[in-house]
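Coordinate analysis (summary)
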Amino acid sequence: MNVARTLGELRHSPFTAQRLASRRVKDELRENLMSRLREGGTIFPGIVGYDDTVVPQIVNAILSRHNFILLGLRGQAKSRILRALTGLLDPEMPYVAGCEIHDNPYVPICRRCRELVAKEGDATPIAWLTPEHRYVEKLATPDVTIADLIGDIDPIKAARGGHELSSEFTVHYGLLPRANRGIFAINELPDLAGKIQVGLFNIMQEGDVQIKGYPIRLPLDVALVFSANPEDYTARGKIITPLKDRIGSEIRTHYPATVEEGIEITVQEAYLDRENEREVDRKARRLHIPKYVQEVIERIAFAARDDKKIDKRSGVSQRLPISAIENVVSNAERRALTHREKFVVPRISDIYAALPAITGKLELEYEGEMKGADFVGRELIRAALAKTYDEYFTGANMNQVVQWFDLGGEVQLSDSVSAADALENLKEIQGLLDKLGPLGVARNESPEQQVSAAEFILEGLHAHKRIGRNEERVFKAGEKKPESREREKNFEKEEPPYRQRRQFN
């Protein structure tokens, strides 16, 4: 960090008066973004699936020096994107030491700093801001006041300092002035009361704010960004029209477009790095999450977003597969600890055990409420299973496995049974273990992997209703459809049912 500690030293540093006097925050964001684009680096690290859709629109807004709003349903990384904007700020920024609003040493706007610079001159002390300290975020709630956002007169400060209430020294600055020379973000903007939204007018158009009870304007240097749910923004109309008119760019976010993008996000965000923790028995357990298990979990969210029993206006957050895979791994981890297994390999039964992480993420419509969240969650898992099974075994001949069940065979696969015991039961199913090849599992793999793959096949057959399964997780023959009876022959009338009417001329 720069060693300049006084205004005099600052004048001889790269932060000259020519550079800082007229360089606004939006200019800084624009310049650093242009450098990033020239270098070809990632604009927003950790943001997946937006490279061709959302990110170019944000880039355009920053290059245009716009205040912008992100519109999207829950779990679409809106807050994460806003916080990632700090990566486009300078690594360090000087300000007058002790200033509540981080005044520019060359062009101070508050009375305290103006008097200090006039008195101390080049001896004025300088402090430094990091990008994290230049980002201020406020969650909009109905109880937010103008004093919280803009500021107010503080009688206690007046009494302690011996100032008149009309003195600028009695002002208590709100969050917006404290974000001076930085980024101010408001999450869920529609929840902000209309009269409070009016308080943002001046800062967005004229570039200043007015503190209640004090007849001055502070020309703040702030980049304003917002987030909102599109349902609140358009249907309920909670953002007042003049404020919408002052927002430069409106950018819509979205859920992952492909299962692969969803898996990448889920693996990035979920708590899965458990191998590095200290084990109680000092034995490391290797975690292996099969790809088909990840795909099933991700497709649950995709199926939920298309299900008519789930409220589409509320959306299905990406937090659903993140929470689900964490519970799935935990259930497999519990089983491995109980049976002292060396490998932690999740199974499809672990996904059903993770229902508590799924049902709480769904906002049900009337039909879904009537059937219940558990029923809807199981339906979603079954639909995701069927689609994933088809990705691996479309056209595969599973008649030998199905016939084993049709001849009276049954097998129970509880999520708590050990892999060794489960594998012994699965070996009895004729031809099942020979079908694991498409899943990348060979006969010499660990019992945990073989059991997980074999159970996936059985669950896939059950999802397609080729075999049956009860609540105790006993796989058995599926219900046979009643044979269709031959249609009765049409009764051929030997005689007409009534006398023909005599035709009259």
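Structure's up top.
Each value, and the rule that gives it
- Residues take numbers from 1 onward in each chain, read along the sequence in its written order.
- Note on the predicted model: pLDDT of at least 70 is required for a residue's local features to be given, and 80 or more for side-chain atom pairs to be given and counted; whole-chain, interface and lining totals, by contrast, use all residues.
- Side-chain numbers come from the whole structure's heavy atoms, not from hydrogens or water.
- Buried residues of nine kinds, namely Ala, Val, Leu, Ile, Met, Phe, Trp, Tyr and Cys, make up a nonpolar core once their side-chain atoms join them within 4.5 Å.
- Exposure classes here rest on a 1.4 Å probe applied to the protein chains alone. A residue is buried below 20% of its type maximum, exposed above 50%, and partly exposed in between.
- Every helix listed is a DSSP run of H or I at least four residues long, and every strand listed is a run of E at least two residues long, numbered separately from the N terminus.
- Contact definition: two residues touch when any of their heavy atoms are within 4.5 Å.
- With axes taken as lines fitted to C-alpha atoms, and helix axes fitted only over the stretch in contact, angles between N-to-C directions fall between 0 and 180 degrees.
- Here the word oblique covers every angle except those under 35 degrees (roughly parallel), over 145 (roughly antiparallel) and from 65 to 115 (roughly perpendicular).
- Side-chain classes follow a simple rule in which Ala, Val, Leu, Ile, Met, Phe, Trp, Tyr, Cys and Pro form the nonpolar group, Asp, Glu, Lys and Arg form the charged group, and the remainder, Gly included, forms the polar group.
- DSSP bridges decide pairing: two strands pair if at least two such bridges lie between them.
- Any two rings among Phe, Tyr and Trp, with Trp reduced to its six-membered ring, count as a pair given centres within 6.5 Å; such a pair is stacked if its planes are under 30 degrees apart, edge-to-face if over 60, and tilted if neither.

This next bit is on the nonpolar core. Counting residues in each nonpolar core, the largest one holds 65 residues, and the members touching the most others are I351, L362, F405, I429, F456, I457 and L458. Of all the elements in the fold, those that place two or more residues in this core are α15 (291-306), α16 (319-339), α17 (348-353), α20 (373-393), α21 (399-406), α22 (419-426) and α23 (447-463). Those residues in contact with I457 that sit more than four places away from it in its chain are Y389, F393, M398, L432, K435, L436 and L439. Residues F201, I211, L218 and A228 belong to the second largest nonpolar core, which totals 38 residues.

At a minimum axis separation of 10 Å, α15 and α23 run at an interaxial angle of 45°. Judged by the inter-axis angle, α15 sits oblique to α23. Along its contact with α15, which presents Y292, V293 and V296, the element α23 presents Q449, S452, A453 and F456. Taken together, the residues of the contact of α15 with α23 break down into 5 nonpolar, 2 polar and no charged.

Our next topic: the pairing of strand β1 (residues 68-71). Going residue by residue along β1, you find F68 and L70 tucked away on one face and I69 and L71 tucked away on the opposite face as well. Two elements, β1 and strand β10 (residues 222-228), share 4 bridges in a ladder whose sense is parallel. Residue pairing across strands places I69 opposite F226, the latter belonging to β10. Alignment of β1 against strand β11 (residues 249-252), held across 4 bridges, turns out to be parallel. Among the inter-strand pairings, L71 is bridged to a residue of β11, identified as R252.

This part covers the packing of aromatic side chains. Throughout the structure, instances matching the rule amount to 7 aromatic pairs. Between F393 and F456, the ring centres sit 6.5 Å apart and the planes meet at 40°, which makes this aromatic pair tilted. Placement of F393 in helix α20 and of F456 in helix α23 is noted, with a sequence separation of 63 residues between them. Of the two residues, F393 and F456, both sit in the buried class. Ring plane angle 90° and centroid distance 5.0 Å describe the contact between W404 and F405, whose orientation is recorded as edge-to-face.

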